[in-house]
Amino acid sequence: MRQSIGRLVDLDYLRGPDLEPVLEAQRANWLKRLAWDNRDATNEIRRLLDQRCLAGLAAVVGGSPVGYSYFMLQGSKAVVGEVFVLPAHRVPYLEGALLEMTVATAFQVSGVKRVEGQLASLDAFPDVQMGVRGDLQVYPRQLMIRESCDALPSPGPVDPSMRFLPWTDSQLQPASELIAEAYAGHVDASVTEEYRSVCSAERFLQQTINRGSRGRFLPEASLVARQASSPTLRGICLGRMVGASVGHLTQLCVAPDWRGFGIGSELLRRAVDGFRRAGCDAVSLTVTASNERAVQLYERAGFRALASFPAFVWTRA
């Protein structure tokens, strides 16, 4: 790291108040850039800092933190939760230094074979030179927004045997099976490892529907599609709140054999109506840019691209 821009220090040396200006700037950035209020996430970061339970780094200039990054361990994987630098100090090599050292630190943990992250605060992936041998894949992602919760038109006739039902936690297992089936061989299974198996999908769903988790799970905008004669799910849609009046579509997927029959469009239509009933003025979602079929579905429903950001996966050689 260049001497003129300061130094990187372990987050163990900081507490919540030390990082307060950075966390508040990060929250303001997310509100402006993504229309999200991430106060739940920043409150959790403060708590973990105070308990010395947050693994990561801070960039310090003139004795004051100007940016930070952190990661969380999930078995043999580390997830980089953030790389953020104050706008006045934001230069590519500083963001790159934070990311490089965070990945290197994560790989020092015994058993870690994969490091991934979705860097929503960044426009593009930094120019980095990883010191760990392996394979780096970067996937451009888009945050899209629909700045209205007005009703969507009906997609047309849907199989009359299909039932659209409110989400209940008893659907956790069949929903996990559907996610693993729907994302088999899909680009999003490369971006997000949780989509690769029933077990990991169940863990993802448990985190999503946890009423105490960030983002406030929204039952009104969460539903499933299945045939009247079968408990097997053909589609699911899950929503949460990310602001006082902004909802977020966390998950929308349809079983491969049932795509093209209007199920995804009908799930989306009903979810938007649920967000409206919950008091939302807008709905956001994230999508991998190369997933053209999904992007086209959302564009037809009135969503527009609000921001682009990189997702990455670094796999140890």
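Remember, it's a predicted structure, so these values are computed and weren't measured experimentally.

(A) Quick look at the pairing of strand β3 (residues 64-74). Alignment of strand β2 (residues 55-61) against β3, held across seven bridges, turns out to be antiparallel. Following the sheet pairing, Ala-55 is matched in β3 by Phe-71. Once β2 ends, the chain turns through two residues before running back antiparallel as β3, passing Gly-62 with a positive phi of about 60 degrees. In terms of strand pairing, β3 meets strand β4 (residues 77-85) through eight bridges, oriented antiparallel. Each bridged residue has a counterpart across the sheet, and for Leu-73 the counterpart in β4 is Ala-78. Connecting β3 to the next strand, β4, in antiparallel fashion are two residues, including Gly-75 with a positive phi near 65 degrees.

(B) Main features of the nonpolar core. In terms of nonpolar packing, the biggest core is built from 51 residues, with Ile-179, Leu-249, Leu-267, Leu-268, Phe-275 and Tyr-298 touching the most fellow members. Once you skip the residues sitting within four places of it in the chain, Tyr-298 turns out to touch Met-144, Leu-249, Leu-252, Leu-268, Leu-285, Val-287 and Phe-303. Grouped together as the second largest cluster of nonpolar side chains are 40 residues, Val-22, Tyr-68, Val-115 and Val-128 included.

(C) Looking closely at the sheet that holds strand β10 (residues 246-254). With mixed pairing, 12 strands are arranged side by side in an open sheet as β1-β2-β3-β4-β5-β12-β6-β11-β10-β9-β8-β7. With partners counted over all chains shown, the strands left at the sheet margins are β1 (7-10) and β7 (162-166), one partner each. Neighbour-to-neighbour, the strand axes of this sheet turn through a mean angle of 20 degrees, independent of strand direction. Of the strand pairs in this sheet, strand β8 (residues 217-227) and strand β9 (residues 233-241) are connected by six bridges, and their pairing is antiparallel. Note that in β9 the partner of Val-224 across the bridge is Ile-236. Helix-sheet contacts for helix α8 (residues 292-300) involve β6 (134-146), β10 and β11 (282-288), and the interaxial angle to β11 is about 165 degrees.

(D) The arrangement of the side chain of Arg-146 in detail. Note on placement: Arg-146 falls in strand β6. Summary of buried charges: Arg-146 has no salt-bridge partner, and the nearest side chain of opposite charge, Asp-150, is 6.2 Å away. If near-sequence neighbours (up to four positions away) are discounted, Arg-146 is found in contact with Ala-151, Leu-152, Val-272, Asp-281, Ala-282, Val-283, Ala-301, Gly-302 and Phe-303.

(E) Local environment of the packing of aromatic side chains. Counted by the stated rule, this structure contains seven aromatic pairs. Taking the centre distance of 5.5 Å and the plane angle of 50 degrees together, the rings of Trp-30 and Trp-36 count as tilted. Of the residues examined, Trp-30 reaches a relative accessible area of 12% and is grouped as buried. Residue Trp-36 is classed as buried on the basis of its relative accessible area of 10%. Between Tyr-298 and Phe-303 the ring centres are 5.9 Å apart and the planes differ by 65 degrees, which places this aromatic pair in the edge-to-face class.

(F) Looking closely at the state of the cysteines. If you walk through the whole model with that rule in mind, you get zero disulfides. Cys-280 provides the cysteine sulfur closest to Cys-149, a residue in no disulfide bond, and the two sulfurs are 5.4 Å apart. Exposure remark for Cys-149: the relative accessible area of 6% places this residue in the buried category. In this structure Cys-237 is not part of a disulfide, and its nearest cysteine sulfur, from Cys-253, lies 9.2 Å away. When its relative accessible area of 0% is taken as the criterion, Cys-237 is described as buried.

(G) Broad picture of the environment of Val-224. Secondary-structure assignment places Val-224 in strand β8. Relative accessible area serves as the criterion here: at 0%, Val-224 is assigned to the buried category. The spacing of Val-224 and Met-144 is 80 residues in sequence and 22 Å in space, taken between C-alpha atoms. Not counting residues up to four positions away in its chain, the partners in contact with Val-224 are Arg-163, Phe-164, Leu-165, Trp-167, Gln-171, Leu-233, Gly-235, Ile-236 and Leu-267.

(H) Molecular detail of helix α1 (residues 20-34). Taking 1.5 Å per residue, 15 residues should reach 21 Å; α1 reaches 20 Å between its end C-alpha atoms and fits that length. Buried within α1 are the following residues: Val-22, Leu-23, Gln-26, Arg-27, Trp-30, Arg-33 and Leu-34. The arc that holds every buried residue of α1, seen down its axis, measures 150 degrees, which confines them to one face. Projecting away from the buried face of α1 at angles above 90 degrees are the exposed residues Pro-21 and Lys-32. Here the buried face of α1 lies against α2 (39-50), β3, β4, β6 and β12 (304-316). Positive phi shows up at Ala-35, right after α1, with a value of about 65 degrees.

Conventions adopted
- Residues numbered from 1 in each chain as written.
- Predicted model: local features only at pLDDT ≥ 70, side-chain atom pairs only at ≥ 80, totals over all residues.
- Heavy atoms only, no water.
- Pairing = 2+ DSSP bridges.
- Helix = DSSP H or I, 4+ residues; strand = E, 2+ residues; numbered from the N terminus.
- Core = buried A, V, L, I, M, F, W, Y, C linked by side-chain atoms within 4.5 Å.
- Buried < 20%, exposed > 50% of the residue type's maximum accessible area, 1.4 Å probe, protein only.
- Contact = heavy atoms within 4.5 Å.
- Axes fitted to C-alpha atoms, helices over the stretch in contact; angles between N-to-C directions.
- Lys, Arg positive; Asp, Glu negative; His and termini not counted.
- Salt bridge = Lys/Arg side-chain N within 4 Å of Asp/Glu carboxyl O.
- Phe/Tyr/Trp six-rings, centres within 6.5 Å; stacked < 30°, edge-to-face > 60°.
- Disulfide = S-S within 2.5 Å.
- Expected span 1.5 Å × (residues − 1).
- Arc of directions from axis to C-beta.

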